[in-house]
Amino acid sequence: MDEHQQQVKENIRILGERKDLAQMSLEWMLAVGSAGKYSYNFSWMGRPIIQYPQDMVMMQELVWQVQPDLIIETGIAHGGSLILSASLLALLDYKDAVEQGNVLDPKSSRRKVIGVDIDIRSHNRTAIEAHAMAHKIEMFQGSSIDPDIVSKVRAAAAGYNRVLVCLDSNHTHDHVLAELEAYAPLVSSGSYCVVYDTIIEDMPEELVSDRSWCRGNSPKSAVWKFMEHNQDFVVDSDIDNKLQITVAPNGFLRRT
Ligand SMILES: C[S@@+](CC[C@H](N)C(=O)[O-])C[C@H]1O[C@@H](n2cnc3c(N)ncnc32)[C@H](O)[C@@H]1O
């Protein structure tokens, strides 16, 4: 490990010890979330993405670290996170071409993103299919826990070796737990299953009262339940400590 990496490791350790920072971060997130719907304010390569910038940067780090050939995402919405993942895979293709001294043929790589959404709005589908990254994207419409959709995703994932999964659809406990049971087994060793919106568990009841999820019925409660009987994954709390601001605290699950 070089000097810089050691310094970063130490920074993360210190941040992890400062439990007061987590509360300050939460308060800030609640404030910007209620005042300006913060997570809706960003886009990636022109498509709206419902993510925090910190989590987008973390996705870049994970993709660089894992070098996946397949990313599976539940929850497409406007397509921003699909385009983000596809573009990061395209950069891996570019890196490979440079290292091998080849001219990049964008369509020759088999790296791809699979997206699942219960309702892919036609204007979103049209924009995603017209995007420069479309050749790296395969979409399935249906509930992510519908056995038919799960088997279609499994079939489309066959033959891929380095697989990363992101869960960002319906945020109820039962739904996320069912997604974890369905898709976590596809995650390759050393890669991640990222469970978004675990932050719901930490939010005051009144802020999620109009939703079907709440404290005790959230992605984080699903992660806790999943981890009770699953020894293959660990919560990567270094990522929480490093990010401080994330919608996925306890949601970065690394397959050991
Ligand atoms: C938070 S948005 C996804 C945001 C997207 N990942 C991004 O970063 O831009 C949640 C999406 O989940 C979808 N959804 C809700 N229930 C679902 C289900 N049972 N199966 C699959 N998708 C679902 C919704 O239609 C919505 O588009």
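Only a predicted model underlies this, so the values are computations on that prediction, with no experimental measurement involved.

Colleague: I'm lost on the pattern of salt bridges in this one. Help?
Modeller: A side chain of one charge can pair with a side chain of the opposite charge if their charged atoms are brought near each other. Taken as a whole, this structure holds 18 salt bridges when the rule is applied. One salt bridge in this structure joins arginine 111 and aspartate 93, with 2.7 Å as the shortest N-O distance. You can see arginine 111 sitting in the loop between α4 (80-100) and β4 (112-117) and its partner aspartate 93 sitting in helix α4, a full 18 residues away along the chain. No difference in accessibility class separates arginine 111 from aspartate 93, as the two residues are buried.

Colleague: Please explain the packing of aromatic side chains as it appears in this structure.
Modeller: Two aromatic rings, taken as a pair, are described by how far apart their centres are and by the angle between their planes. In total, this model carries 5 aromatic pairs according to the counting rule given. Relative to tyrosine 52, the ring of tyrosine 38 has its centre 4.7 Å away and its plane inclined at 65°; by these criteria the two rings are edge-to-face. Taken together, the residues span a long stretch of sequence, with tyrosine 38 in the loop between α2 (19-36) and β1 (42-44) and tyrosine 52 in the loop between β2 (47-49) and α3 (53-66) at a distance of 14 residues. Relative accessible area serves as the criterion here: at 17%, tyrosine 38 is assigned to the buried category. Among the residues examined, tyrosine 52 registers a relative accessible area of 5% and is labelled buried. Their ring planes at 55° and their centres at 5.9 Å tell us that phenylalanine 226 and phenylalanine 233 sit as a pair that is tilted. Of the two residues, phenylalanine 226 and phenylalanine 233, both sit in the buried class. Joined through ring pairs, the aromatic side chains of Trp28, Tyr38, Phe42 and Tyr52 make up one cluster. Seen from the ring of tyrosine 40, lysine 37 lies directly overhead, with NZ or CZ sitting 5.5 Å from the centre.

Analysis parameters
Residues numbered from 1 in each chain as written. Predicted model: local features only at pLDDT ≥ 70, side-chain atom pairs only at ≥ 80, totals over all residues. Heavy atoms only, no water. Salt bridge = Lys/Arg side-chain N within 4 Å of Asp/Glu carboxyl O. Helix = DSSP H or I, 4+ residues; strand = E, 2+ residues; numbered from the N terminus. Buried < 20%, exposed > 50% of the residue type's maximum accessible area, 1.4 Å probe, protein only. Phe/Tyr/Trp six-rings, centres within 6.5 Å; stacked < 30°, edge-to-face > 60°. Lys NZ or Arg CZ within 6 Å of the ring centre and 35° of its normal.

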